[in-house]
Structure formats: C-alpha cells, structure tokens
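# Summary of the model geometry
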Amino acid sequence: MTPDASLAPTAPPCVPPGGRPSPWELAVGPAPEHWDDWTELDATAWPRRKERHYRCVPTICFNCESACGLLAFVDKETGDIAKFEGNPVHPGSRGRTCAKGPATINQVQDTERILTPLKRDGPRGSGKFREATWDEALDDIGGRIRKAFAEERQDEVVYHVGRPGEDNFVMRMLQAWGVDGHNSHTNVCSAGARLGYALWFGADRPSPDYSGTKFMLLLSAHLETGHYFNPHAQRIIAAKESGARMAVVDVRLSNTASHANHWISPWPGTEAAMLLGVARELLRSGRFDAEFLKRWVNWKEYLEVHDAEGDGTFERFVEKLQHLYVDYTPEFVAQECHVPLDTVMKLADEIAEAGSRFSSHLWRNTAAGHLGGWQVARALLFLHVLSGSVGTQGGLNPNSWDKFVPHPTENPPPITRWNERHWPREYPLAHYEMSFLLPHLLRDQDARIDTYFTRVYNPVWTNPDGCSWIEMLEDEKRIGCHVALTPIWSESAQWADWVLPMGLGPERHDIMSQETHAGTWIGFRQPVGREYLRQSGQPQDTTLGTNPGQVWEESEFWIALTWRIDPDGSQGIRKYFESKANPGQPVSVDEYFGDIFENSVPGLPEAAATAGCTPLEYMRRFGAFGVPYAGQRRYETDAPEGGGVELDSGEKKVGFKTPSGKLEFFSPTLEEWGFGDLSVPGYIHSQVHRENLDMDAGERVLMPTFRLPTLIHTRSGNAKWLQEISHTNPLWIHPEDAVALGVANGGLARVTTAIGYFVIRAWVTEGIHPGIVAASHHVGRWRMHREIGGQRRASALVDIQRDGSTFLFRQKEKAGAYKSDDPDSERVWWTETGVHQNMTFPVQPDPLSGMHCWHQKVTVTSAHEEDRYGDVFVDTAKSREVYEEWRAMTKPAPGPGGLRRPLWMNRPLRPVDEAFRI
Ligand code: SF4
C-alpha cells in the first residue's frame, strides 16, 4: 500500500491549533507519506553527517488512560525501536504527547523488566521464582479455572485491573466465561465524581468542550495528571490563547493553577459549599438560563415530593431553589472554605458571562478525598444546568457522547451471577466494585478466591491499608493462586504464584477510545515489532517472538487461556474465541480486530476502500480513525417510537439516560433508597472538616491525592528519564505550620494516621493552604528482595519487622548507582526514592459512592529520635476497627423491590436484570 497523507481522516493542518507556525514534522511528527522511510541524522555520530533510516509504525501510549497516539521509529538497519514521538493523525492527541509518551522507549529497553514467565518456587512471598514456559502457565491456570467452573465456583475467579488501557476485550471474555469476576480500581480513583455525574445525567464522567469555551473551571490537579492529561492540556492552552479565562480550585499551587486567572485554594472537602454559593448568587441575581431549566430539569418531580402543598409552577420551583441555598452567602463560603470574600462573586460573574460556553472538569482530590465528595460533582453540574451549558459548544458533554466503543459481531449473553465479594449489599449505590475492601470482605464473608489475576495492578502499594492486602495475599486459604500480569515487578507481584510478562504499549493489541473533546475516534494499539515485520513483507502469526524475550500480548494470552479452560468447546465458552475462517482453531488477532473494524466502526470501511486497503490494514497503517460525530445537544433529538421523554410542550425527545429522562436536580433514586436528605445537590461535612481537627494538638489534614506530571501510576521506575526527573515525595507544609509544629525545611517529619505513621522529608512552601500538608503518590517504592520486586533506581530494599498485627518497614538499602547493560544505571545520582504513605491509611469508604475517601486526619511532628527516612508503621487490627466504623454509616440493600442496586444504574460488567434482585 502506498502511504498517502490524504488518507488520514483528521490530519491536522501544518499550523497546529493555537497558531504556532512551524513545519509539520517539527511540531507534531512526520506526515504519513514519510512513514515508510523517514531519515534523520544520527546524533551519536556527530560531527559526521550519518543518515539513519526509519520506518514509522503507529501505536497507542499505555502510560495513562488518555490513549495518545505514538509513532515508533524503527531503525531499518537494526530492526530496533529507536524512539517514540506523537502520531500526527490521531484525533485525540494530534501529534503531541506528555513526557511519559516518549519515555516508552525506556520501558522497552529497561534492563530490569521481566522477560519470561516466572513460577513461584518457595513459600509465597519468599522471593523464590523459577523460569517457566507459557505452556506450563496456561495448563496450570487454565486447569484451575476449568475445575472451579466444573464445581460451580465461578465466584472464585477474579480479574482485578489497574490500568485498563483497552475497551471491551476483557469484559467480553469474562462474559463468555460467565463469571462476575471483574474488579476495577475505580473506587480508589474516581467513584465519587462518577456518582455525582451519573445522578444528574446518567453518564458518569464529564467531557468538557474546550473549543470555543469562554470560561474553564477546573477542580483538582487534572491538567497535569488526570483525565485526559495531554489531549485536554493542549486544548485548554489553545482555549486560553483564544481568550478564554480559567479558574483552578486546588488546595495546592499545581502546574495547572499556575496557568489560571484565579487560583482558589479552599479547605479540602468544602468545595461543594463554594459551588453552591455560586449557584445561590446566580439564582439571586437572576443570571441563569430559565428556559433550559424549565425544559430539561425534573423540577416537577421535586415539587411533588418536597412541596406537595405548593402551586406546582416553575416560578415556585425557582423560589424553592433560592430558599434552599439561601445560607450559602459569600460570607459563609469565605468562612467555611477559607477563601477570600470575593471568591463567590468572581466565579459567578465568570460563569454568567460565559453562559452556555462555560466548561469545567472535576477529578481526583475534590471528589476522591472526602466523605460526601460525590456532592461536589452534583454541585458543579448544577452550575452547568443553571448556565445552560450542558451539551453545548464550549460547554460540557456527557462522556458517553464522546467515546466510541466498537464490538465484535458475535457476543456472549450477559452474565447471570452477582458476586458479593465485589458488590456487597452494604454499598448498593457504589460506583463501582468495592475492590479496595477485598481483604475485609473476604474475611467478613469467610470467602476465598481460587484464581486471582492482578492485571497491571499493584493493590499492596496503590490501595489504602496495603498491609491488610499483604495478609490476604500470603494466606493461601484466602487466595488459592495469584497470577500477576505485569510488564515489571511490583510490590504485589512479590506475593504472586505466577508472574506473567505482559506487553508494554508497543507490544500488544488493544482498541481504545476516550472522551478527549467533542468528537469521537478509535485508536489501535499494536505490537510494533510485529507490524514492522508485516510492513517489511514478513507477516507473523503471533506476537510472541516479535516482542523482547518471552513477553506476550494479552489478547493472544486470553484467547489461548480460554481454550485451555474449555478445550473441547463443551462449556460453550471457547466458541467466542474460535475462528470463523478456520473452524476448530482459535481466532487470530487479525481476524478478531478485523471483524470489529469491518463491521462495527461507521465510516471506516469506506475510508479504507478509498485508501485501497482493508479496514484492519488502515488501522495498522494509521493507528487511529476519526469516527463521524453525532453532534451536541443530543438530548434534543426526536425520540424513536416508544422511547424518550415527553416534555411539557408535548414534544418527545431522547433526553438523558436517567429514570426521568431529564436532568435530575432531584434524585428519586436517593429518596427511595433512604437518602432523602441528600436527594438534591448539597454539602456534606467531610472527615477532615475543621471541626474534626484539634490544630493546637498538631492535627492537620494530609492530602495524598496528587501526582507529579512525569509519573506513571505504578510503573515510573521502569522509565529512567521519568525517574530521574521525579523520584521523591516531600511533605508540602506551609511556613506557618512548619513553625507551629517545629518542622524544619529539609528535615524529617513523622506523620501519624489512625493506623500508623510514616517518616518523610519536609518541604516548606507557600504553595499549600495553611493547615494542610500534602505528599505526592506514585513514588515511595520498596522491595523485599535485592534482585527482584522493583527497579533498583526507583525502590528501596526494606526490612519488614512484624509482631502480630503490626508491621514496621525500614529501608536497609537505598537507591543508587549499579551495574547493568545500560551504562545509565551507573549514573544514578539520587538515593531517596520517596515514602509509601498509602499503607498507613485505613480504608474510608463513602457510604453512598463507595469511593475511598483519601484525605487523612493526621498528627504532624518532627521525627522522633528512633525514626529513619522512609519508616512506615502500620497496625492492621486498627485498620479493621476503622473499616467497621465507616461500614456502620451504610444503608444496605435490599432497596425498593428487593433490589441490590437500582436497575438503571450501570455496572462495568452488567448481569441480567434478575441478578439485581436479592
Ligand atoms: S497523556 Fe497519557 S497517553 Fe498521552 S502521552 Fe502522556 S501518558 Fe501517554
């Protein structure tokens, strides 16, 4: 096939958005017509002018969930990948990346990555492993699962995912297996925000349209770390360059805040009060879109329940609104949130001025830190409803409009089970599985898991209360077999029975799509080595052998494992992974993804035909496709026969995916499930409200919910450039607090939580709200064994002293220079690699959303005489007590109709409706 730039569906102009004129190649990477033979001078040959020739192969970054397009430059002389840049024809990332995209080359070349399957060869946790074959792994794991299915122990097979990085493949597989075995990391990430959004408009994420926006209100440090970092960051900066204004609400002076017109630093957990103050001001001054409110909000339902004696008019509803929020005055907000008195008026003016071109984003700490954090999303979307900026250009879309997930032609039926280890009755409205409670739930239910997959997931380190995870993982009565699917070592993999080396971003097939803007696209991650060989005329049957060592891709692994579980097809499982072209054979990845691209992506077959290739070849060639966009204001579309919502005007429109079909200011669901006092946007005092703190006794709030922008969740140690840039997590502390607490800049501080303490170096800065201390997560790695368990440049070797339910982690060897095949390993100049704070946090599950409330009430002192940098002490008996205190706040199912969960509320792996009933 001849490469042709005109084939690219959404090729950006040579002058990129934002108006910085520069040659295409320098701005966003080479255009597709140059991909077959791209020439650059070899920098290492300087001063000679030695040319090197590359073939550029597109793939998708795997270092966060943004799914940016990458171009791998494969050296034609060696066949090795030389570097990664952005893919200029990717509609989401448009040729740009953050630092983590190009650092993919470090991950590929890392001398400490795992290159072969490993099987435990000693007691679990002993660090003893032996090399094994994939065949042995498939036989062992497939046999276990087959036996579990035969004995109707389906609930004992669990897939626990950290970084998903793909759409639908695994969900479809679990559905084919018939297990309710999906466990995600959502409840330590974003469940709070998701519940708030879902209650309003039935979609659980915001998708801001920064194009044409006039005002952006960003809560938390999302521009540099969250959803969706690079795709959003470039659009936010472009909007700013076009004159849009921006306010950032973040306790910490983040990189994002440094770009803002207004940096607002409230007391953490009070954000909903501030947003409701803005709502009050918009209502009081009459600066709201009454027509939109009247047409699209379920105000009649509200009046029927909360104003039965009233006249039922819209005017009455507005009166009720004004009354509901009358107490959220600027003075109250200033005092409650610890912000300047003019904060409410400034925000209200900006939003009123922007009208339908008001955009916002909310992720991480404001909704993920606090009891009742979900109400922050409720309050924020309320401002969009008032300004009429829902689904408008420059406003805010439901995420479901801007993401496109294609499916294979044939799909298994929904599962029929409900697994209470993931969906316990105590949390009927949780969004989603209560995964971080697993050790407590297994103990409460006296349950076990036979085969436990952790897939690019490191629960011991990522989750709160990691020592309870250690106790669970080392107990073979609770966990029969732990299979860690991971490209690199992690804390959790140290307690695995199988460590299986999965492919990195350029070593695997996945389809991905994300709501990066008002548009839809799909991206295709592919194994670069394999595709390079195909384009060079040497097509391969399998990815194994085209990746380094024995590294395999997951799609082929799961297909092979499914065949071991159901070798003769008698269980009705393997047929979903059987070739149609070669009956009786496993489906190939070419056939699997070719079917999807051929039959499930509108416009792709036509674009491929124009290019003179198949849809699969098109995706392999360009790596992304812009799916025709269905537009905004979609709720105004005429409803199909028998569906939709009837408006007061008598029109029938598709509306929103809520029970009423409207935007639900009032949530009948919360009312019916016993949360009537919380059924409208409101403000809940959090666990770190000032009234809960004794400041004189040294109590402060710890904010651990931010990440430095160059860090990958649990995989930064695998990328030496990133590790050199950021490898420690000092405790941010305001000068006033440093003086009051006797903590010196650069000195050691002890931070004590409800279940333990950690010892960390202090950084005195005015970039944090007084009364709050903060430490970045994503560093503080540790390993128990010198040779395995973690990258040496990124982790400390620790000694773990145990006594009953207590653990003391003490570093016995810090990071430093070491010998390897990479000369850079001898240039490691740093020794401190941060402190693992998450282990000292008890679980604090929000009783509604199920979100772990990350922020901690702590006591801060200077370090004690016996303390050492990096010390971590935990008592799991205390963590159980805290778990029980928080569990006591729940209102367990059954709800109305004997339901475990409202039928309209989704689940990632949704069973049949009957399974929702107890
Ligand atoms: S934003 Fe995420 S997907 Fe994009 S380049 Fe950075 S790490 Fe990769």
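This report concerns the structure included in the present document. (Residues numbered from 1 in each chain as written. Predicted model: local features only at pLDDT ≥ 70, side-chain atom pairs only at ≥ 80, totals over all residues. Heavy atoms only, no water.)

What the protein contains, in helices and strands, is 28 helices and 32 strands. Taking 2.2 N^0.38 as the reference for a compact globule, 918 residues should give roughly 29 Å; the C-alpha atoms of the protein span a radius of gyration of 27 Å, in line with that estimate. Counting only C-alpha atoms and orienting by the principal axes, one finds that the protein spans roughly 75 × 70 × 65 Å. Counting only residues that meet the buried cut, the protein has 64% of its 918 residues in that class. A sequence separation of at least 24 residues applies to 72% of the contacts in the protein between residues at least 6 apart. Total accessible area on the protein stands at roughly 31,000 Å², and carbon and sulfur atoms take up 49% of it. (Helix = DSSP H or I, 4+ residues; strand = E, 2+ residues; numbered from the N terminus. Rg over C-alpha atoms; globule rule 2.2 N^0.38 Å. Buried < 20%, exposed > 50% of the residue type's maximum accessible area, 1.4 Å probe, protein only. Contact = heavy atoms within 4.5 Å. Areas by Shrake-Rupley, 256 points an atom, 1.4 Å probe, with all protein chains shown as cover.)

As a further point, take the pairing of strand β3 (residues 69–75). For β3, a buried count of seven out of seven residues is recorded, marking the element as mostly surrounded by other parts of the structure. Because side chains alternate across β3, one face comprises the buried residues Gly-69, Leu-71, Phe-73 and Asp-75, and the other comprises Leu-70, Ala-72 and Val-74, equally buried. Of the pairings in the sheet, the one linking strand β2 (residues 51–60) to β3 comprises seven bridges and is antiparallel in character. Opposite Thr-59, over in β3, you have Leu-70 as the bridge partner. Examined bridge by bridge, β3 and strand β4 (residues 81–86) share five bridges and lie antiparallel to one another. Counted as the bridge partner of Val-74 is Ile-81 from β4. Counting the residues between successive antiparallel strands, the hairpin from β3 to β4 contains five residues, one of them, Gly-79, with a positive phi of roughly 80°. (Pairing = 2+ DSSP bridges.)

A word on the packing of aromatic side chains. One pass over the structure, following the stated rule, counts 48 aromatic pairs. A ring pair is formed by Phe-169 and Phe-577, whose centres lie 5.8 Å apart and whose planes are at 50°; its orientation type is tilted. Remark: Phe-577 occurs in the loop between α21 (554–565) and α22 (589–599) and Phe-169 occurs in helix α4 (residues 169–177); sequence separation between them is 408 residues. We note that Phe-169, like Phe-577, is buried. (Phe/Tyr/Trp six-rings, centres within 6.5 Å; stacked < 30°, edge-to-face > 60°.)

Across the interface, helix α5 (residues 191–201) lies against helix α16 (residues 374–387) with an axial gap of 7 Å and an inter-helix angle of 40°. Viewed along their axes, α5 and α16 adopt a mutual orientation that is oblique. Remark: the crossing between α5 and α16 carries right-handed chirality. Where α5 approaches α16, its residues Gly-192, Ala-193, Leu-195, Gly-196, Tyr-197, Leu-199, Trp-200 and Phe-201 are matched on the opposing element by Trp-374, Ala-377, Arg-378, Leu-380, Leu-381, Phe-382 and Val-385. Broken down by class, the residue content of the contact of α5 with α16 amounts to twelve nonpolar, two polar and one charged. (Axes fitted to C-alpha atoms, helices over the stretch in contact; angles between N-to-C directions. Parallel < 35°, antiparallel > 145°, perpendicular 65-115°, else oblique. Left-handed = near helix turned anticlockwise from the far one by under 90°. Nonpolar A, V, L, I, M, F, W, Y, C, P; charged D, E, K, R; others polar.)

With that out of the way, let us pick up the environment of Met-619. The residue Met-619 is located in helix α24 (residues 615–622) in this model. The exposure class of Met-619 is buried, given its relative accessible area of 0%. Along the chain, Met-619 and Phe-597 lie 22 residues apart, while their C-alpha atoms are 8.1 Å from each other.

To continue, consider the site of the ligand. Taken together, Cys-61, Asn-63, Cys-64, Ser-66, Ala-67, Cys-68, Thr-97, Cys-98, Lys-100, Gly-101, Phe-229 and Asn-230 make up all the residues around the ligand. Considering only residue class, the shell around the ligand consists of six nonpolar, five polar and one charged. (Near = heavy atom within 4 Å.)

Turning our eyes to something else, we now look at the pattern of salt bridges. Going through the model one piece at a time under the given rule, you end up with 72 salt bridges. Its salt-bridge partner being Arg-448, residue Glu-156 comes within 3.1 Å of it at the nearest N-O pair. In this pair, Glu-156 is assigned in the loop between α3 (134–150) and β7 (157–161) and Arg-448 in the loop between α17 (438–445) and β15 (449–455), connecting sequence segments 292 residues apart. Residue classification places Arg-448 among the partly exposed positions, given a relative accessible area of 26%. (Salt bridge = Lys/Arg side-chain N within 4 Å of Asp/Glu carboxyl O.)

Within the open sheet, the three strands sit side by side as β18-β19-β20. Their pairing is antiparallel. The sheet terminates laterally at β18 (510–512) and β20 (624–627), the two strands that pair on one side only. On average, each strand axis in the sheet is inclined to that of its neighbour by 20°, with strand direction left out of account. Relative to strand β19 (residues 520–525), β18 runs antiparallel, the two sharing three bridges. The partner of Ile-511 across the bridge, within β19, is Phe-524.

For an α-helix, the turn length of 3.6 residues means that residues three or four places apart are oriented alike. With twelve residues, α21 should cover 16 Å at 1.5 Å per step; its first-to-last C-alpha distance of 16 Å lies within 8% of that length. Burial within α21 is extensive, with eleven of its twelve residues counted as buried. Of all the positions in α21, only Glu-554, Ser-555, Glu-556, Phe-557, Trp-558, Ile-559, Ala-560, Leu-561, Thr-562, Trp-563 and Ile-565 are classed as buried. (Expected span 1.5 Å × (residues − 1).)

Here we come to unusual backbone geometry. The amide bond that connects Trp-46 to the next residue, Pro-47, takes the cis arrangement and shows omega of 10°. In this structure, Pro-47 sits in the loop between β1 (38–41) and β2. Positive phi, close to 45°, is recorded for Asp-446, a residue that is not glycine. In this structure, Asp-446 sits in the loop between α17 and β15.

Taking strand neighbours across the sheet as the criterion, the four strands line up as β1-β2-β3-β4 in an open arrangement whose pairing is antiparallel. Edge positions in the sheet fall to β1 and β4, since each has one partner strand and no second. Here the average twist between neighbouring strands, direction ignored, is 40°. Sheet strands touched by helix α20 (residues 528–535): β2, β3 and β4. Its angle to β2, the strand with the most contacts, is close to 120°.

Mapped onto the fold, Asn-298 is located in the loop between α10 (290–296) and α11 (299–306). Of note is the side chain of Asn-298, whose polar atom sits 2.7 Å from the backbone oxygen of Phe-666. (Polar contact = N/O pair within 3.5 Å; in protein donor to acceptor, adjacent residues only side chain to side chain.)

Let us look at the packing of helix α23 (residues 604–611) against α24. Look at α23 against α24: their axes get within 8 Å of each other, and the N-to-C directions meet at 80°. In terms of orientation, α23 and α24 fall into the roughly perpendicular class. Across from Leu-604, Pro-605, Ala-607, Ala-608 and Ala-611 in α23, the residues of α24 making contact are Pro-615, Tyr-618 and Met-619. Residues of the contact of α23 with α24, tallied by class, amount to eight nonpolar, no polar and no charged.

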